[in-house]
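Architecture at a glance
Each chain, letter by letter, is given below.
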Amino acid sequence: RPLMLQGHERSITQIKYNREGDLLFSSSKDQKPNVWYSLNGERLGTYDGHQGAVWCLDVDWESRKLITGAGDMTTKIWDVEYGTVIASIAAKSSVRTSNFSFSGNQAAYSTDKAMGQNCELFIIDVRNADSTLSEQAPTLRIPMVESKITSMLWGPLDETIITGHDNGNIAIWDIRKGQKVMDSGTDHTAGINDMQLSKDGTMFVTACKDTTAKLFDSESLMCLKSYKTERPVNSAAISPILDHVVLGGGQDAMEVTTTSTKAGKFDSRFFHLIYEEEFARLKGHFGPINSLAFHPDGKSYASGGEDGFVRVQTFDSTYFENIFE
């Protein structure tokens, strides 16, 4: 039976495991990110301080710092253990994405195109983060003129940033030069909702509103595989131990009332990474799935939905015995 983590009053926006996988972090539109024990689903605590919907979160390599971005136009860096705010950085519009670099020395976040402000990508140094961070200038600031960033990843060795945009474009930015190095072109035709790296960082999977998820090479941005569904994909994750991809989605929130849960629109769907074939579906949520994450050991995965629940589903032994002929 899955663990049902019930601690949010509104829909989940993002979930993430820490590196060891013993903690699961969840953010939602109810202003309070939570942290849970992934083993038994017990809530460890909440991070109180935001005044708006929290759109994104990330935890660093040592599980010491948590970064969140919210609709109250701030990025906050938290002490994971004590739940206190280390630094709060004001932005000029909502903060849509936020990620720590692999080393944890830097963090990046991007703002929305709203209220006359352009979308911008900021990179900050968080090694000695304290309350003075809000007054320091970011180490790099890149304005996005064409389209806004909807998802973001750090590239290898903290030298590049990969951004996914609301027009379906994917770009790689060189941090030292502050310039765009590469563009993916027209593989996707609509906004990219989510991007997640494979365990070794050589590939990443995108989840897109154009009803597909695609696998890209993280250096050349070459599209390697494509996984097709009938509805927008909100999140996708790659298994760390098997050649599997899990996709989650559903329709836009406006159309949810017209769909019965029996129609199978809100299942987690498992595809084979290489053969692009769907081989399993898991029901559970009463609305679209907004975020998915595999446990670092690959033996379970978590999904966060529009219904405000986070579900942790452990695989049974037959999942590991299923071999494609």
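Residues numbered from 1 in each chain as written. Predicted model: local features only at pLDDT ≥ 70, side-chain atom pairs only at ≥ 80, totals over all residues. Heavy atoms only, no water.

Rules: UniProt positions are given in the numbering used here, feature names are shortened, and annotations may be inferred rather than shown by experiment.
Per an unreviewed UniProt entry, the protein goes by Serine-threonine kinase receptor-associated protein and derives from Drosophila rubida. Within the UniProt record for the protein, the comment given under Sequence similarities (unreviewed entry) is "Belongs to the WD repeat STRAP family."

**Examining the pairing of strand β24 (residues 268-272)**
We apply this condition: The rule is simple: take the accessible area with a 1.4 Å probe, protein chains only, and divide by the maximum for that residue type; under 20% is buried, over 50% is exposed, in between is partly exposed. Only DSSP runs of H or I covering at least 4 residues are called helices, and only runs of E covering at least 2 are called strands; the numbering of each starts at the N terminus. Strands were regarded as paired on the criterion that DSSP finds at least two bridges between them.
Among the five residues that make up β24, five are buried, leaving the element largely enclosed by the rest of the structure. Side-chain alternation along β24 places Ser-268, Phe-270 and His-272 on one buried face and Arg-269 and Phe-271 on a second face that is also buried. When β24 meets strand β25 (residues 278-282), the two strands line up antiparallel, connected through four bridges. The partner of Arg-269 across the bridge, within β25, is Arg-281. Counted between consecutive antiparallel strands, the loop separating β24 from β25 contains five residues, among which Glu-276 sits at a positive phi close to 60°.

**Here's the deal with the packing of aromatic side chains**
Any aromatic ring pair is given by two values, namely how distant the centres are and how the planes are angled relative to each other. The criterion, for reference: By convention, a stacked pair of Phe, Tyr or Trp rings (six-membered ring in the case of Trp) has centres within 6.5 Å and planes under 30 degrees apart, an edge-to-face pair has planes over 60 apart, and any other such pair is tilted. Either the NZ atom of lysine or the CZ atom of arginine qualifies as a charge over a ring when it sits within 6 Å of the ring centre and within 35 degrees of the ring normal.
Scanning all chains against the criterion turns up 15 aromatic pairs. Centre to centre, the rings of Phe-204 and Phe-216 are 5.6 Å apart; their planes meet at 20°, and the pair counts as stacked. On the criterion of sequence distance, the pair formed by Phe-204 in strand β19 (residues 203-208) and Phe-216 in strand β20 (residues 212-217) is long-range, its members being 12 residues apart. With relative accessibility at 0%, the residue Phe-204 sits in the buried group. Judged by its relative accessible area of 0%, Phe-216 falls in the buried class. For the pair Phe-270 and Phe-315, a centre-to-centre distance of 5.7 Å together with 80° between the ring planes defines the contact as edge-to-face. Within this pair, whereas Phe-270 is found in strand β24, its partner Phe-315 is found in the loop between β28 (309-314) and α1 (317-321), the two being separated by 45 residues in sequence. With a relative accessible area of 12%, Phe-315 lands in the buried category. Linked through ring pairs, Phe-270, Phe-279, Phe-294, Tyr-301, Phe-315, Tyr-319 and Phe-320 together constitute an aromatic cluster. The ring of Trp-55 carries the charged tip of Arg-96 above its face, separated from the ring centre by 4.2 Å.

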